[in-house]
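Close look at the chain arrangement
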Amino acid sequence: MPDPSTAPDSAGFRPDAVFILGMLHRTGTNHLADLFGLHDGVEVLAPIFEDQLVRHSPLLVAYVDAVTRNWTPEWNVPATEGPALLRSIGDGIVGWLQGHAPGRTVVTKMPRIDNAEHFFDLFPGCGLVVLVRDGRSVVESGVRSFGWSYEAGFRRWADAAEKVLALRARHDGDRRVRFLRYEDLIADEQAVMGDLFGAFGLDPGMVDAGAVGALPVRGSSALAGSGTVHWQPVARSTGFDPRERWRDWDAHLHRRFNAVAGPAQ
């Protein structure tokens, strides 16, 4: 749990940037970023579509650890200097992000939750959206899109889910972070995005309501039926509903999923 004295006041909190971390590939980070991009005050980072920033944050932590370990003990350097150095490195990264759209809120994304425990050590003034999705749909989408095996997909999702649960326990009550179910987003995009915009100090009124419902789809596993998955915008088909990709599973697949990932699900 973060020290409340260092967390920004949630009332009127306007983050330096907003990071979207999907728990795993196929959780909808592209769609969520596209929805953020409909806001006049937002710039979605491009053409860096998977930023890798949090995923490789242990390299920065290791650098600070190596530096501070070599400070002579007799100097009596305050223990706060190491964390302050790490935050300063994070400030540099945020400055780089903001340089892509001065005066606007930059939204960046990554479909991996790895090493998110370092997020607020580096980026205490940023907002974080953690996007989760029903493990059965994630695995089925991965099988269709990328040729995952079901067993490997079950284990991959379960591992990611445990990381999300640990992060949620650590940041319970911290309003800088939002844990969002993809299924809830799809069920009512207008309401969910209004909540997210408000949480991050963005006026929900600066979005054309009609644009939300008309937003095309990118990278859906439904495209695999045509022979390939791509990330070019495609108009939503009638009855498009990605929430139950697993609906054709047989009893064996359900048993195996429950055995491997049931508790995390």
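The structure contained in this document is the topic of the report that follows. (Residues numbered from 1 in each chain as written. Predicted model: local features only at pLDDT ≥ 70, side-chain atom pairs only at ≥ 80, totals over all residues. Heavy atoms only, no water.)

1. Details of the pairing of strand 3 (residues 105–110)
Filter applied, for reference: Relative accessibility decides the category of a residue: with a 1.4 Å probe and only protein chains considered, values under 20% of the type maximum give buried, values over 50% give exposed, and everything between is partly exposed. Working definition: helices are DSSP H or I runs of at least four residues, strands are E runs of at least two. Numbering for both runs from the N terminus. Strands qualify as paired when DSSP identifies two bridges or more between them.
Where burial is concerned, most of strand 3 is hidden: six out of the six residues are buried. Both faces of strand 3 are covered, namely the face carrying Thr105, Val107 and Lys109 and the face carrying Val106, Thr108 and Met110. With four bridges connecting them, strand 1 (residues 18–22) and strand 3 associate as parallel partners. The residue of strand 3 that forms the bridge with Val18 is Val107. Of the pairings in the sheet, the one linking strand 2 (residues 42–44) to strand 3 comprises three bridges and is parallel in character. Considered in strand 3, the bridge of Val44 is made with Val107.

2. Focus on the sheet that holds strand 4 (residues 127–132)
Threshold: Fitted lines through C-alpha atoms serve as axes, helices being fitted only where they are in contact, and the angles separating the N-to-C directions of these axes extend from 0 to 180 degrees.
Pairing in this open sheet of five strands is parallel, and the strands run 2-3-1-4-5 from one edge to the other. Looking at strand neighbours, the two that pair on one side only are strand 2 and strand 5 (177–181), the edges of this open sheet. The average angle at which neighbouring strand axes cross in this sheet is 20°, direction not considered. Bridge count between strand 4 and strand 5: five bridges; the pairing is parallel.

3. Structural notes on the pattern of salt bridges
Oppositely charged side chains are able to pair whenever their charged atoms sit close together. What counts here: Salt bridges are counted wherever a side-chain nitrogen of Lys or Arg sits within 4 Å of a carboxyl oxygen of Asp or Glu.
Per the counting criterion, the structure on display carries 12 salt bridges. Salt-bridge contacts for Glu151 lead to Arg155; the nearest nitrogen and oxygen are separated by 3.9 Å. Of the two residues, Glu151 and Arg155 are both situated in helix 6 (residues 150–170); the distance of four residues between them amounts to about one turn of the helix. A relative accessible area of 31% means that Glu151 is categorised as partly exposed. Across the pair Arg178 and Asp195 runs a salt bridge, and its minimum N-O distance is 3.8 Å. Separated by 17 residues along the polypeptide, Arg178 in strand 5 and Asp195 in helix 8 (residues 189–199) bring together distant segments of the chain. Take Arg178: its relative accessible area is 23%, and that puts it in the partly exposed class. Judged by relative accessible area, which is 45%, Asp195 ranks as partly exposed.

4. So, the packing of aromatic side chains
Which entries qualify depends on this criterion: Each pair of aromatic rings taken from Phe, Tyr and Trp, with Trp reduced to its six-membered ring, is defined by centres within 6.5 Å and is described as stacked if the planes are under 30 degrees apart, edge-to-face if over 60, and tilted in the remaining cases. Two thresholds decide whether a charge sits over a ring: the Lys NZ or Arg CZ must be within 6 Å of the ring centre and within 35 degrees of the ring normal.
Counted according to the given criterion, the structure contains 12 aromatic pairs. Ring geometry for Phe19 against Phe123: centres 4.8 Å apart, planes inclined by 25°, an arrangement best described as stacked. With Phe19 in strand 1 and Phe123 in the loop between helix 4 (119–122) and strand 4, this residue pair connects regions lying 104 residues apart in the sequence. Pair check on accessibility: Phe19 and Phe123 agree, each one buried. By way of ring pairs, the aromatic residues Tyr150, Phe154, Trp157, Trp249 and Phe257 are connected into one cluster. Sitting over the face of the ring of Trp246, Arg136 holds its NZ or CZ atom 3.7 Å from the ring centroid. Here the guanidinium or amino end of Arg176 rests over the ring plane of Phe120, the centre of that ring lying 4.0 Å away.

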